[in-house]
Amino acid sequence: MNSLFIGIYDRNTVSLAPFLLSKFIGGEFLQFSIFEDSVDEIARVINEKKPDFICFSAYIWNATVIKSLLPKIEHGFKVVGGPHALDNDFLDRGADAVVIGEGEEILKEIFENRLTGLHQGRITDLTKLPLLYDKLPNIDDYEWLPVETSRGCPMKCGYCAWSSQEQQKMRF
């Protein structure tokens, strides 16, 4: 199975969620810049690889790019997750599946069964996830590296999908 996990951020910061998912589930991690890579260039690179699955992690800064990319992808089953997956119309824009919440476990089921539509991720026992920071390629190429020590957020910001009741409990 040829799976791509796409990070769209900037060149100085690793897109941590798609990288870790690529190692946890298995697949290739590709990093693109919201500042330097055009939608057409990103689509060209993805299409040349002819993937079976393409996974995007949606944030406030890249949601518009992902929505523009989805109809340009010619091959594969397209999955969108991440903190801003719920706030957008990814299914209407060409995604086959959208994951709300944590994706480690539900993504395996989506891959195995090609489940379409909206899916609620399950709360993962963080102690069962492997620590994969030592697997980062070209670590010296990044100006800074996010290190996640918890999940969830106690704030209730109206613009953020993490403010849902289920995600408010902090877990370490």
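Model, not experiment: these values are computed from the prediction. (Residues numbered from 1 in each chain as written. Predicted model: local features only at pLDDT ≥ 70, side-chain atom pairs only at ≥ 80, totals over all residues. Heavy atoms only, no water.)

Student: Just to check I follow, could you spell out the overall build of the chain for this structure?
Tutor: The number of helices and strands found in the chain is five helices and six strands. Reading the chain from its N end, one meets helices and strands in the order β-α-β-α-β-α-β-α-β-α-β. Counting only residues that meet the buried cut, the chain has 44% of its 172 residues in that class. A total of about 9,100 Å² of accessible surface is found on the chain, and carbon and sulfur atoms cover 52% of it. (Helix = DSSP H or I, 4+ residues; strand = E, 2+ residues; numbered from the N terminus. Buried < 20%, exposed > 50% of the residue type's maximum accessible area, 1.4 Å probe, protein only. Areas by Shrake-Rupley, 256 points an atom, 1.4 Å probe, with all protein chains shown as cover.)

Student: Just to check I follow, could you spell out the environment of Lys72 for this structure?
Tutor: With respect to the helices, strands and loops of the structure, Lys72 is situated in the loop between helix 3 (63-69) and strand 4 (77-81). For Lys72, a relative accessible area of 35% gives the class partly exposed. Sequence separation between Lys72 and Ile42 is 30 residues; the distance between their C-alpha atoms is 9.5 Å. In this view, Lys72 contacts Val39, Asp40, Ala43 and Asn47; residues no more than four positions away in its chain are not counted. (Contact = heavy atoms within 4.5 Å.)

Student: How should I be thinking about the pairing of strand 6 (residues 117-120) in this particular structure?
Tutor: Each regular strand displays side chains that alternate between the two surfaces of the sheet. Across four bridges, strand 5 (residues 97-100) lies against strand 6 in parallel orientation. Each bridged residue has a counterpart across the sheet, and for Val98 the counterpart in strand 6 is Leu118. In this view, the connection linking strand 5 to its parallel neighbour strand 6 by way of helix 5 (residues 104-113) has left-handed handedness. (Pairing = 2+ DSSP bridges. Right-handed = clockwise from strand over helix to strand, strands pointing away.)

Student: How should the packing of aromatic side chains be read in this particular structure?
Tutor: What characterises a pair of aromatic rings is the spacing of the ring centres plus the angle enclosed by the ring planes. Tallying each qualifying case throughout the model produces six aromatic pairs. Judged by centre distance (6.3 Å) and plane angle (40°), the rings of Phe5 and Phe111 are tilted. In this pair, Phe5 is assigned in strand 1 (residues 3-9) and Phe111 in helix 5, connecting sequence segments 106 residues apart. Each member of the pair Phe5 and Phe111 is classed as buried. When the ring of Tyr9 is compared with that of Trp61, the centres are 4.9 Å apart and the planes differ by 15°; the resulting orientation is stacked. (Phe/Tyr/Trp six-rings, centres within 6.5 Å; stacked < 30°, edge-to-face > 60°.)

Student: In this structure, what is going on with unusual backbone geometry? I would like to understand it.
Tutor: What you tend to see is this: most non-glycine residues have negative phi, and most peptide bonds are trans. A positive phi angle is found at Lys50, which is not glycine, with a value near 45°. Residue position: Lys50 is located in the loop between helix 2 (39-49) and strand 3 (53-57). In this structure, Arg114 takes a positive phi of about 50° despite not being glycine. With respect to the helices and strands, the residue Arg114 is situated in the loop between helix 5 and strand 6.

Student: Explain the sheet that holds strand 4 to me, please; I cannot follow it from the model alone.
Tutor: Adjacent strands of a sheet pair through backbone hydrogen bonds, lying either parallel or antiparallel. One open sheet accounts for six strands, arranged 2-1-3-4-5-6; its pairing is parallel. Among the strands making up the open sheet, the edge pair consists of strand 2 (28-33) and strand 6. Taking each pair of neighbouring strands and ignoring which way they run, the sheet shows an average axis angle of 20°. Strands in contact with helix 1 (residues 16-25) are strand 1, strand 2 and strand 3; relative to strand 1, the strand with the most contacts, it is inclined by about 165°. The strands touched by helix 5 are strand 1, strand 3, strand 4, strand 5 and strand 6; relative to strand 3, the strand with the most contacts, the crossing angle is about 150°. (Axes fitted to C-alpha atoms, helices over the stretch in contact; angles between N-to-C directions.)

Student: How should I be thinking about the nonpolar core in this particular structure?
Tutor: Here is a general trend for soluble globular proteins: nonpolar side chains tend to be buried in one another's company. By size, the foremost hydrophobic cluster in this structure holds 23 residues, and its most contacted members are Ile6, Ile46, Phe56, Ile66, Val80 and Phe90. In this structure Ile46 touches Leu4, Ile6, Pro51, Ile54, Phe56 and Ile73, once residues within four positions along its chain are discounted. Cys55, Val79, Ala97 and Ile110 belong to the second largest nonpolar core, which has 12 residues in total. (Core = buried A, V, L, I, M, F, W, Y, C linked by side-chain atoms within 4.5 Å.)

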